[in-house]
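# Residue-level structure breakdown
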Amino acid sequence: MGDKTEIDTFASTSETEEYRFGYTHEEMERLRYQHHVWAQENQRFISRAGFSTGATLVDLGCGPGYTTIDLAQIVGLAGKVIAVDRDGENSLPLLKERAETAGLFNIETRAANLETFDLQEGSVDGVYGRWVLMYLPEAKVKSLIGRIAKWLRPGGVCALIEFCNYRHIHIHPQSKYLPEIAEALIQAVTGERGCNPEIGNDLPGLLCSAGLDVEINVTTKAVRATTQEWLWPDALFRNHLPALVKEGFLDHSIYDDFLAEWEVRSKEPDSIFFGSPMMEVIGKRL
Ligand SMILES: C[S@@+](CC[C@H](N)C(=O)[O-])C[C@H]1O[C@@H](n2cnc3c(N)ncnc32)[C@H](O)[C@@H]1O
């Protein structure tokens, strides 16, 4: 679908540059649980951003589009959401299917790499992005923030949410092995391309340097074992740790010991998993 605000929709998905956790059915489901668990915080964040009916918004790295659907409902038929993701094969078709089922015809999908994706100056009212900048090489984030600031109309708002302290993740009662698991996840996301899994810390400064008026907030999340919400960390560990062992980020024996401990903790109602604090940054173009 063409669009006059669009400059570049080149999608690049070479083997080494793909999204760290892949595009399997299990990963799409993990993103769904994750969205469900963070739904209330996300609604609060979106309302703080002040996105309103009739606005043109961009959803950066929308994946299967759980956030896109929320944004599309806010802007209504008088507005639109440009949903951008490099994965045009799995994620965007899933989003289109769900949008059609929900009767939302105000979403335009773009299979594009955010390292180069661009729009016309002053062409949008808002830009939203959650858990995506952490998968871009750190050096590319700065130039993307510069482009985002340029896309915004005066009064336009950019709302970004990213992790800011991954080493904070822990379990109560304390796990012997989780710190090494967190470290392996950090190293795997960083990878050879130099991504920053805690890019949330840099966003306030980057948005400020791009000339936006910046406001921040930090949120965290804890979930209890034996509840539906436990599926969120459970899916992360079960789906993705085996690949980290295979690729040498995690020692096999630590993985085995952690998994045995996790099995036990998962059955105990007093177990609590604490996620990484999340930096919520709102930048306004004056
Ligand atoms: C963890 S998922 C988050 C999806 C969605 N933002 C959410 O909050 O549910 C990260 C998404 O970022 C996308 N992504 C990562 N790097 C990208 C890039 N350079 N260009 C476009 N999309 C990218 C991935 O394809 C993936 O769909």
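In the block above lies the structure referred to throughout.
Here we summarise the structure given alongside this text. As the structure is a prediction and not an experimental result, all values here were calculated from the model.

Cut-offs used in this document
Residues numbered from 1 in each chain as written. Predicted model: local features only at pLDDT ≥ 70, side-chain atom pairs only at ≥ 80, totals over all residues. Heavy atoms only, no water. Phe/Tyr/Trp six-rings, centres within 6.5 Å; stacked < 30°, edge-to-face > 60°. Helix = DSSP H or I, 4+ residues; strand = E, 2+ residues; numbered from the N terminus. Buried < 20%, exposed > 50% of the residue type's maximum accessible area, 1.4 Å probe, protein only. Lys NZ or Arg CZ within 6 Å of the ring centre and 35° of its normal. Near = heavy atom within 4 Å. Polar contact = N/O pair within 3.5 Å; in protein donor to acceptor, adjacent residues only side chain to side chain. Areas by Shrake-Rupley, 256 points an atom, 1.4 Å probe, with all protein chains shown as cover. Nonpolar A, V, L, I, M, F, W, Y, C, P; charged D, E, K, R; others polar. Disulfide = S-S within 2.5 Å. Core = buried A, V, L, I, M, F, W, Y, C linked by side-chain atoms within 4.5 Å. Contact = heavy atoms within 4.5 Å. Arc of directions from axis to C-beta. Pairing = 2+ DSSP bridges. Axes fitted to C-alpha atoms, helices over the stretch in contact; angles between N-to-C directions. Salt bridge = Lys/Arg side-chain N within 4 Å of Asp/Glu carboxyl O.

Time to look at the packing of aromatic side chains. Counted by the stated rule, this structure contains 16 aromatic pairs. When the ring of F237 is compared with that of F258, the centres are 5.1 Å apart and the planes differ by 80 degrees; the resulting orientation is edge-to-face. Pair noted here: F237 is in helix α8 (residues 231–246) and F258 is in helix α9 (residues 252–266), with a separation of 21 residues, a long-range link. In this structure, F237 and F258 share a single accessibility class: buried. For R30, the ring lying beneath its charged end belongs to F21, and the centroid distance is 5.4 Å. Here the guanidinium or amino end of K221 rests over the ring plane of W38, the centre of that ring lying 5.9 Å away.

Attention now goes to the site of the ligand. Near the ligand lie 16 residues; those nearest to it are Y23, G61, D85, N113 and R130. One nitrogen or oxygen atom from the side chain of D85 is found 2.6 Å from an oxygen atom belonging to the ligand. Taking L114, its main chain carries an N or O atom lying 2.9 Å from a nitrogen atom of the ligand. When the ligand is considered free in solution it has 590 Å² of accessible area, and contact with the protein chains removes 99% of it. When the residues that make up the shell around the ligand are grouped by side-chain class, the tally is ten nonpolar, three polar and three charged.

What follows is about the state of the cysteines. Applying the stated criterion across every chain yields a total of zero disulfides. Of all cysteine sulfurs in the structure, the one in C208 sits closest to C158, which takes part in no disulfide; the separation is 12 Å. Taking relative accessible area as the criterion, C158 reaches 1% and is therefore assigned buried. No disulfide involves C164; its sulfur sits 16 Å from the nearest other cysteine sulfur, which is in C158.

On to the nonpolar core, then. Grouped together as the largest cluster of nonpolar side chains are 93 residues, with contacts concentrated most on W151, F237 and F273. At eight residues, the largest contribution of residues to this core is made by helix α6 (residues 178–190). Apart from the residues within four sequence positions on either side, F237 is in contact with L178, I181, L185, P242, F258, W262 and F273.

An α-helix turns once every 3.6 residues. As a result, residues three or four positions apart point the same way. In terms of burial, helix α3 (residues 66–75) is a largely internal element, eight of the ten residues being buried. Where α3 is concerned, the buried positions are Y66, T67, T68, I69, D70, L71, A72 and V75.

A word on unusual backbone geometry. Here H172 and P173 are connected by a cis peptide whose omega angle stands at -10 degrees. Position of P173 among the secondary structure elements: in the loop between β8 (170–172) and α6. A positive phi angle, close to 50 degrees, is found at W131, a residue other than glycine. Within the fold, W131 resides in the loop between β6 (124–130) and α5 (138–151). Notably, T226 is not glycine yet its phi reads approximately 70 degrees, a positive angle.

So, about helix α2 (residues 39–49). Of the positions making up α2, those classed as buried are E41, N42, F45, I46 and A49. Taken around the axis of α2, the buried residues stretch over an arc of 135 degrees, which confines them to a single face. Those residues of α2 that are exposed and aimed more than 90 degrees away from the buried face are Q40, R44 and S47. Contact partners of the buried residues in α2: α1 (25–37), α3, β6, β7 (152–163) and β12 (278–284). Immediately downstream of α2, the backbone of G50 shows phi near 80 degrees, a positive value.

So, about the sheet that holds strand β10 (residues 222–224). The strand order β8-β11-β10 describes an open sheet built from three strands, whose pairing is antiparallel. A single partner strand is all that each edge strand has here, and the edge strands are β8 and β10. Neighbouring strand axes in the sheet, compared pairwise and without regard to direction, differ in orientation by 20 degrees on average. Pairing geometry for β10 and strand β11 (residues 272–274), over three bridges, is antiparallel. The partner of R224 across the bridge, within β11, is I272.

Attention now moves to the environment of L144. The topology assignment puts L144 in helix α5. Exposure remark for L144: the relative accessible area of 0% places this residue in the buried category. Linking L144 and E115, residues 29 residues apart in sequence, is a C-alpha distance of 6.7 Å. The residues touching L144, leaving out its near neighbours within four places in the chain, are L114, L133, L136 and W151.

Before going further, it helps to examine the pattern of salt bridges. Scanning the model with the defined rule gives 16 salt bridges in all. Put simply, E247 and R20 hold a salt bridge, and the shortest N to O gap is 2.8 Å. A residue pair is termed long-range when its members are at least 10 positions apart, and E247 in the loop between α8 and α9 and R20 in the loop between β1 (6–8) and α1 qualify at 227 residues. Looking at R20, the relative accessible area reads 22%, which means it is partly exposed. Between R238 and D234 there is a salt bridge; the shortest N-O distance is 3.0 Å. Remark: D234 and R238 occur in helix α8; sequence separation between them is four residues, near one turn of the helix. For R238, a relative accessible area of 33% puts it in the partly exposed group.

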